[in-house]
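Chain and residue survey
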Amino acid sequence: GDYSIAQIIAIVGHGNYTMKSPLPPGTPSERVPLHQASIRCTQPRSSSRPSLESVLASMKDNLKVCEQKRASRTTLSKLGNKTEAFLSSSLQRGFLAVGSGGPESRQ
């Protein structure tokens, strides 16, 4: 599950517990690197934890990947899966006319 800031400090500070929480099903791929970083940063032995520079470089790389994915998405996919499914089914059923010019053109 989710940990509070106080719990994370206690886990790392006492050094006798490794924070391992599974990713919930359906977690967006953009959040996986953050989860992995939290596990690496909370290792009991300080020598096993990454440096701040390493964490920041990793986060910058992941941000670039996320921005590239976001930029390559279509307008329809940006609306979300449910909206995309609704629009697709509406188009198939003829409820929406593509390029119709609006409701006044159907009168």
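Notes on the structure follow.

What counts, and at which threshold
Residues numbered from 1 in each chain as written. Predicted model: local features only at pLDDT ≥ 70, side-chain atom pairs only at ≥ 80, totals over all residues. Heavy atoms only, no water. Buried < 20%, exposed > 50% of the residue type's maximum accessible area, 1.4 Å probe, protein only. Helix = DSSP H or I, 4+ residues; strand = E, 2+ residues; numbered from the N terminus. Contact = heavy atoms within 4.5 Å. Axes fitted to C-alpha atoms, helices over the stretch in contact; angles between N-to-C directions. Parallel < 35°, antiparallel > 145°, perpendicular 65-115°, else oblique. Nonpolar A, V, L, I, M, F, W, Y, C, P; charged D, E, K, R; others polar.

**Some words on helix α2 (residues 32-41)**
- What α2 keeps buried is the set Pro33, His35 and Ala37.
- Buried residues belonging to α2 abut α3 (52-72).

**A few points about the environment of Ile39**
- Turning to its location among the elements, Ile39 is positioned in helix α2.
- Classification of Ile39 by relative accessible area gives partly exposed; the value is 23%.
- Placed 18 residues apart in sequence, Ile39 and Ser21 show a C-alpha to C-alpha distance of 8.4 Å.

**Concerning the packing of α2 against α3**
- With their axes 11 Å apart at the nearest point, α2 and α3 run at an angle of 170° to one another. The angle between α2 and α3 falls in the class roughly antiparallel. Seen from α2, the contacting residues are Pro33, Leu34, Ala37, Arg40 and Cys41; seen from α3, they are Val55, Ser58, Met59 and Asn62.
- Within the contact of α2 with α3, the residues separate by chemical class into six nonpolar, two polar and one charged.

**Quick word on the side chain of His35**
- Here His35 is to be found in helix α2.
- The class of His35 is buried, set by a relative accessible area of 17%.
- Contact partners of His35, with chain neighbours within four places excluded, come to Ser21, Pro22 and Leu23.

**Digging into the environment of Arg31**
- Residue position: Arg31 is located in the loop between α1 (5-14) and α2.
- Counting along the chain gives 31 residues from Arg31 to Asn62, while the straight-line C-alpha distance between them is 9.6 Å.

Treat this as a map of the structure, not an account of what it does.
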